[in-house]
Amino acid sequence: MTPAFFLTLKEPIILLWIHLKVKAVNFIEYVKVAHRYYPNFDFAKIDTTLLFSYLFSNPFRISKHFLKEKEETEVYTYGETPLTTLESIAHKCQITAQDVVVELGCGRGRACFWLNQIIGCSVVGIDYVPSFIEKAEKIKNLFQVQRLSFRLEDFLQSDLKDATVVYLYGTCLSTNQIQTLIRHLSKLPKGTKVITVSYALNDFQSDAPFKMITQFPATFAWGETDVYLQEKTG
């Protein structure tokens, strides 16, 4: 067999290994989630119903298909914050039941349900994939969840004035999108917390009206990166 043959095999093997690794990480994460959060029976019912609703319709594929139909150049953008990681972020960023948290790009809404049921805060999830919002709304209505709403919108244009905390796991946003987002977030009231994953807003605009509060590492399915807590200044 020629070296070229082995080179041809190399990429599929690497992709398979990554796929299996992510599957294993996600399984371990689910065991931790069930142990830590399912004693909250309301959350257990919501979370299992949500996961079951995607049993035959993977959210990554849904997002990819939607973006292809929109003729986007980057279609592999979907990602979720592991709930155990979200707990660490909520603790380090001092998110409380008095907060109004807006998640930009909420996907299927799992983090929103967790924040609402475990932390007890008001939550708004924003995404522009219709099936994500439709399913999340159905589950919210089924279990009569209060202080939680989902909006089918482009978060680069959404009204965020009521937020006390804005959370963005937007690692795949382009530089232009991030700069547009910075201009949009600059309209937030003074003191609003903005949490971003993998980059600080001031990395893209040095004079952006945000003060760095803290930076800390966090674990995601694909590896570890830094999370940045910023605060809107005057």
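Remember, it's a predicted structure, so these values are computed and weren't measured experimentally. For every chain, the first residue of its written sequence is number 1, and the numbers climb from 1 along that sequence. Where totals are concerned, whole chains, interfaces and linings use all residues; where local detail is concerned, this predicted model gives features only for residues with pLDDT of at least 70, and gives and counts side-chain atom pairs only at 80 or more. Only hydrogens and water are set aside; all other atoms, that is, all heavy atoms of the structure, feed into the side-chain values.

Peer 1: Could you clarify how one ought to interpret unusual backbone geometry in this entry?
Peer 2: Comment: phi is negative for the bulk of residues other than glycine, and the bulk of peptide bonds are trans. Positive phi is not limited to glycine here, since Glu71 has a value of about 60°. The cut-offs for exposure are 20% and 50% of the maximum accessible area for each residue type, with area from a 1.4 Å probe on protein chains only; residues under the lower value are buried, those over the upper are exposed, and the others partly exposed. Look at Glu71 and you get exposed, because its relative accessible area is 71%.

Peer 1: Please explain the sheet that holds strand β6 (residues 210-220) as it appears in this structure.
Peer 2: Strands pair in a sheet through their backbones, by hydrogen bonds, and they do so in one of two ways: parallel or antiparallel. Taken in spatial order, the 7 strands make up an open sheet running β3-β2-β1-β4-β5-β7-β6, and their pairing is mixed. Edge positions in the sheet fall to β3 (148-152) and β6, since each has one partner strand and no second. The sheet shows a mean angle of 20° between the axes of neighbouring strands, direction not considered. In this sheet, strand β2 (residues 122-127) lies alongside strand β1 (residues 100-104) in parallel orientation, the contact comprising 5 bridges. Strand pairing is defined by DSSP finding a minimum of two bridges between the two strands. Every helix listed is a DSSP run of H or I at least four residues long, and every strand listed is a run of E at least two residues long, numbered separately from the N terminus. An axis is simply a line fitted to the C-alpha atoms; with a helix, the fit covers only the stretch in contact. Between two such axes, the angle follows the N-to-C directions and lies from 0 to 180 degrees.

Peer 1: What exactly am I supposed to notice about the pattern of salt bridges here?
Peer 2: Once the charged atoms of two side chains with opposite charge are near each other, the side chains can pair. By definition, a salt bridge exists where a carboxyl oxygen of Asp or Glu is found within 4 Å of a side-chain nitrogen of Lys or Arg. By the definition in use, this model includes 7 salt bridges. Between Arg36 and Glu87 there is a salt bridge, with its nearest N and O atoms 3.0 Å apart. Here the residue Arg36 occupies a position in helix α1 (residues 3-37), and Glu87 occupies one in helix α4 (residues 83-92), the gap between them amounting to 51 residues. Under the relative-accessibility criterion, Glu87 is labelled partly exposed at 31%.

Peer 1: Looking at this structure, I do not really get the nonpolar core. What am I missing?
Peer 2: Nonpolar side chains tend to gather and get buried jointly when the protein is soluble and globular. Membership of the largest hydrophobic core comes to 46 residues, with the highest contact counts inside it found for Ile95, Phe113, Trp114, Phe150 and Ile195. Looking at which element gives the most residues to this core, the answer is helix α5 (residues 110-119), with 5 residues. Two residues qualify as a contact provided that any one of their heavy atoms is within 4.5 Å of a heavy atom in the partner residue. In this structure, Phe113 is in contact with Phe43, Ile46, Leu50, Ala136, Ile139, Lys140, Val145, Leu148 and Phe150, ignoring residues within four places of it in sequence. Among the nonpolar cores identified, the runner-up in size contains 20 residues, and Ile126, Leu156, Ala163 and Phe210 belong to it. In this text, buried Ala, Val, Leu, Ile, Met, Phe, Trp, Tyr and Cys residues form a nonpolar core when linked through side-chain atoms within 4.5 Å.

Peer 1: What's the story with the side chain of Ser122 in this structure? I'm lost.
Peer 2: The residue Ser122 is located in strand β2 in this model. Relative accessible area serves as the criterion here: at 16%, Ser122 is assigned to the buried category. Nitrogen and oxygen atoms within 3.5 Å of one another constitute a polar contact, given that in protein one can donate a hydrogen and the other can accept it, and given that sequence-neighbouring residues count only through two side-chain atoms. Among the polar contacts made by the side chain of Ser122, one reaches the side chain of Arg147 at a distance of 2.8 Å. Filtering out sequence-adjacent residues up to four positions away, Ser122 remains in contact with Asp99, Val100, Val101 and Arg147.

Peer 1: What is the right way to read the packing of aromatic side chains from this model?
Peer 2: Whether two aromatic rings pair depends on their centres lying within 6.5 Å, for rings of Phe, Tyr and Trp, where Trp uses its six-membered ring; planes under 30 degrees apart make the pair stacked, over 60 edge-to-face, and the rest tilted. Going through the model one piece at a time under the given rule, you end up with 12 aromatic pairs. Taking the centre distance of 5.9 Å and the plane angle of 80° together, the rings of Tyr30 and Tyr38 count as edge-to-face. Tyr38 gets classed as buried once you look at its relative accessible area, which sits at 16%. Measuring from centroid to centroid gives 6.4 Å for Tyr37 and Phe43, while their planes differ by 85°, and the two rings are edge-to-face. Of the two residues, Tyr37 and Phe43, neither departs from the other in class, the shared state being buried. Every member of this aromatic cluster is reached through a ring pair, and the members are Tyr30, Tyr37, Tyr38, Phe43 and Trp114. Counted as over-ring charges are cases with an Arg CZ or a Lys NZ within 6 Å of the ring centre that also lie within 35 degrees of the ring normal. Its guanidinium or amino end placed over the ring of Tyr54, Arg108 lies 5.4 Å from that ring's centre, counting from NZ or CZ.

Peer 1: Looking at this model, I keep getting lost on empty space enclosed by the protein. Mind explaining?
Peer 2: Gaps left between atoms show up when a probe the size of a water molecule is rolled over them. A cavity, in this analysis, means grid points on a 1 Å lattice covering only the protein atoms where a 1.4 Å probe fits yet has no way out; a pocket is instead an open set bounded by protein on both sides within 12 Å along at least five of seven lines, and a residue lines either one if it has an atom within 4 Å of a point. Grid points are joined across faces, edges and corners, and a volume is the space filled by probe spheres set on the points. Inspection of the entire model under this criterion finds 1 cavity of 30 Å³ or more. Around the largest cavity, the lining comprises 14 residues; the ones closest to its centre are Gly79, Glu80, Thr81, Glu103 and Cys106.

Peer 1: I tried to follow the packing of helix α2 (residues 41-53) against α5 on my own but got confused; where do I start?
Peer 2: Interhelical geometry of α2 versus α5 gives an angle of 175° and a closest axis separation of 10 Å. The orientation of α2 with respect to α5, classified from their angle, is roughly antiparallel. Together, Asp42, Phe43, Ile46, Asp47, Leu50 and Leu51 of α2 and Arg110, Phe113, Trp114, Gln117 and Ile118 of α5 make up the contact between the two elements. Any residue outside Ala, Val, Leu, Ile, Met, Phe, Trp, Tyr, Cys, Pro, Asp, Glu, Lys and Arg is labelled polar, Gly included; the first ten of those are nonpolar and the last four are charged. Each residue belonging to the contact of α2 with α5 can be placed in one class, and the counts come to 7 nonpolar, 1 polar and 3 charged. What sets the label is the angle itself: under 35 degrees gives roughly parallel, over 145 gives roughly antiparallel, 65 to 115 gives roughly perpendicular, and the rest give oblique.

Peer 1: I tried to follow the layout of surface pockets on my own but got confused; where do I start?
Peer 2: Of the pockets and cavities examined, the second largest pocket occupies roughly 590 Å³. For the lining of the second largest pocket, the secondary structure elements donating two or more residues are α3 (59-69) and β2. When its residues are assigned to classes, the lining of the second largest pocket shows 13 nonpolar, 10 polar and 5 charged.

Peer 1: Quick question: what am I supposed to make of the pairing of β1 here?
Peer 2: Across a regular strand the side chains alternate sides, sitting on one face of the sheet and then on the other. Within β1, 4 of the 5 residues are buried, which leaves the element mostly enclosed by the surrounding structure. For the handedness criterion, the strands are oriented away from the viewer, and a crossover whose path from the first strand over the helix to the second runs clockwise is classed as right-handed. Once the chain exits β1 it traverses α5 before rejoining the sheet at β2, and the crossover so formed is right-handed. In terms of strand pairing, β1 meets strand β4 (residues 165-168) through 4 bridges, oriented parallel. Within the sheet, the bridge partner assigned to Glu103 lies in β4 and is Tyr167.

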